[in-house]
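If you want the building blocks of each chain, they are given just below.
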Amino acid sequence: MIDLTGKVAIVTGGSRGIGRAIVLRLAQQGADIAFMDRGSPEVAAQTRADVEALGRRAIFFAGDVTDPESCAAFVQTALDAYGKVDILVNNAGITRDNLVMRMGIDEWKSVLEVNLFGAFYCTKAVLRPMLRARAGRIINMSSVSGQAGQAGQANYSSSKAGLIGLTKAVAREVASRGITANAVAPGFIVTELTKDLPEELQEAIRKQTPLGHFGTVDDIANAVAFLASDEAGYITGQVLGVDGGLVMM
Ligand code: NAP
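Residues numbered from 1 in each chain as written. Predicted model: local features only at pLDDT ≥ 70, side-chain atom pairs only at ≥ 80, totals over all residues. Heavy atoms only, no water.

**Q** Before we move on, can you summarise the environment of Asp-32 with the specific residues and values?
**A** Locating Asp-32 in the fold gives a position in strand E2 (residues 32-37). With a relative accessible area of 6%, Asp-32 lands in the buried category. C-alpha of Asp-32 to C-alpha of Asp-80: the two residues are 48 residues apart in sequence and 13 Å apart in space. If near-sequence neighbours (up to four positions away) are discounted, Asp-32 is found in contact with Lys-7, Val-8, Ala-9, Arg-56, Arg-57 and Tyr-82. (Helix = DSSP H or I, 4+ residues; strand = E, 2+ residues; numbered from the N terminus. Buried < 20%, exposed > 50% of the residue type's maximum accessible area, 1.4 Å probe, protein only. Contact = heavy atoms within 4.5 Å.)

Okay, structure coming up:
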């Protein structure tokens, strides 16, 4: 049984989608939670109430991961409230799909800034307290698009491949201090991000997926909970595919 009792987890993009499932799963396993996104206060309030209903403490921090000061303030808020941060999940992510030929510089930049720069800012903010504690878990939300590339997603695929590089570099830098860094690479998961994919594309994805169906947010939350646990203490610098077998490396 994964036991996160007494741990503090902070999650970016935690109000909805995969992030919300991660927040609830880590809380179910015993962790107190802080989560951050730019989203609607009502959606965040619901997630916060759901964590509290599980008997855990929850803080919502309204912020933007593209702003380094916002990331630092998010981490500081958790430190002030809980005294430590044991687990960071860099989950916030966006897509702005287009073919490279048509992709505007803004579409390129905005995706890199949220998905990759945001993870760097939050990692940087959390490392000092984790180094002092000589313990920590950093989990980055990559994607099969970062492993295999995806047409129409040069920006997204680059950001998610970049996250794998960030994960491995950080893992090497901090391993001697008892901190692990790993990435999770989801396949196609049913969320707001994927619900508007054309039906023909959804069918093609199902056909290419050995397990034959889309994943759920709970499939991803389960993998994150494991990587956050003491049981995963000898795993670092790895990319855990949770994709129904879509990408086998
Ligand atoms: P989602 O439902 O669109 O949720 C994304 C979350 O990120 C929201 O809470 C969003 O909140 C937050 N976010 C976006 N921009 C932000 C910013 N600048 N600052 C702070 N928070 C921000 O997406 P999802 O499907 O759950 O995806 C979660 C993660 O999994 C992403 O990194 C995504 O790339 C990855 N992933 C998803 C799939 C899939 O099939 N769904 C597959 C592979 C990987 P606000 O917009 O309100 O700020």
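**Q** An account of the site of the ligand is requested, with residue identities and associated values reported.
**A** Near the ligand lie 28 residues; those nearest to it are Ile-18, Arg-38, Asn-91, Tyr-156 and Thr-191. Here a nitrogen atom of the ligand sits 2.8 Å away from a polar atom, N or O, in the side chain of Asp-64. For the ligand, an oxygen atom lies 2.6 Å from a polar atom in the side chain of Thr-191. Protein chains shield 95% of the accessible area of the ligand, which is 880 Å² for the free molecule. Of all the secondary structure elements, the ones that give two or more residues to the shell around the ligand are helix H1 (17-28) and helix H6 (154-174). Residue composition of the shell around the ligand, by class: 11 nonpolar, 11 polar and six charged. (Near = heavy atom within 4 Å. Polar contact = N/O pair within 3.5 Å; in protein donor to acceptor, adjacent residues only side chain to side chain. Areas by Shrake-Rupley, 256 points an atom, 1.4 Å probe, with all protein chains shown as cover. Nonpolar A, V, L, I, M, F, W, Y, C, P; charged D, E, K, R; others polar.)

**Q** Which residues make up the sheet that holds strand E6 (residues 179-186), and what values go with them?
**A** Pairing is parallel in the open sheet, where seven strands are placed in the order E3-E2-E1-E4-E5-E6-E7. A single partner strand is all that each edge strand has here, and the edge strands are strand E3 (58-62) and strand E7 (239-242). Mean inter-strand twist for the sheet, computed between neighbouring axes without regard to direction, equals 15 degrees. The pairing of strand E1 (residues 8-12) with strand E4 (residues 87-90) spans three bridges and is classified as parallel. Each bridged residue has a counterpart across the sheet, and for Val-11 the counterpart in E4 is Val-89. Those strands touched by helix H2 (residues 41-53) are E2 and E3, and its axis lies near 165 degrees from that of E3. (Pairing = 2+ DSSP bridges. Axes fitted to C-alpha atoms, helices over the stretch in contact; angles between N-to-C directions.)

**Q** Could you give an account of unusual backbone geometry, naming the residues involved and the relevant values?
**A** Trans peptide bonds make up most of the peptide bonds, and negative phi angles are found at most residues other than glycine. The phi dihedral of Arg-134 is positive, around 55 degrees, even though this residue is not glycine. As for its placement among the helices and strands, Arg-134 is situated in the loop between helix H4 (105-133) and strand E5 (136-141).

**Q** With reference to specific residues and values, describe the side chain of Thr-167.
**A** Turning to its location among the elements, Thr-167 is positioned in helix H6. A distance of 2.6 Å separates the side chain of Thr-167 from the backbone oxygen of Leu-163, its partner in a polar contact.

**Q** Give me the lowdown on the pattern of salt bridges, citing residues and values where you can.
**A** Counted by the stated rule, this structure contains 10 salt bridges. Residues Arg-56 and Asp-32 are paired through a salt bridge, measuring 3.4 Å at the closest nitrogen-oxygen approach. With Arg-56 in the loop between H2 and E3 and Asp-32 in strand E2, this pair connects stretches of sequence that are 24 residues apart. Asp-86 serves as the salt-bridge partner of Lys-84, at 3.1 Å between the closest nitrogen and oxygen. Salt bridges here are not isolated pairs; linked through shared partners, they connect Asp-32, Arg-56 and Arg-57. (Salt bridge = Lys/Arg side-chain N within 4 Å of Asp/Glu carboxyl O.)

**Q** Now, about the packing of helix H3 (residues 68-82) against H4: what can you tell me, with residues and values included?
**A** Taken N-terminus to C-terminus, the directions of H3 and H4 make an angle of 40 degrees; their axes are 8 Å apart at the nearest point. Relative to H4, the crossing made by H3 is right-handed. Residues Pro-68, Cys-71, Ala-72, Val-75 and Leu-79 of H3 lie in contact with H4, whose contacting residues are Gly-118, Tyr-121, Cys-122, Ala-125, Val-126 and Pro-129. For the contact of H3 with H4, the residue count by class is 10 nonpolar, one polar and no charged. (Left-handed = near helix turned anticlockwise from the far one by under 90°.)

**Q** Go over the environment of Thr-12, please, and point to the residues and values.
**A** For Thr-12, the location among the structural elements is in strand E1. A C-alpha to C-alpha distance of 9.0 Å links Thr-12 and Gly-118, two positions 106 residues apart in sequence. With residues up to four places along the chain from it excluded, the contact list for Thr-12 reads Met-36, Val-65, Phe-74, Val-89, Asn-90, Asn-91, Ala-92 and Cys-122. At 2.9 Å, the side chain of Thr-12 and the backbone nitrogen of Ala-92 are in polar contact.

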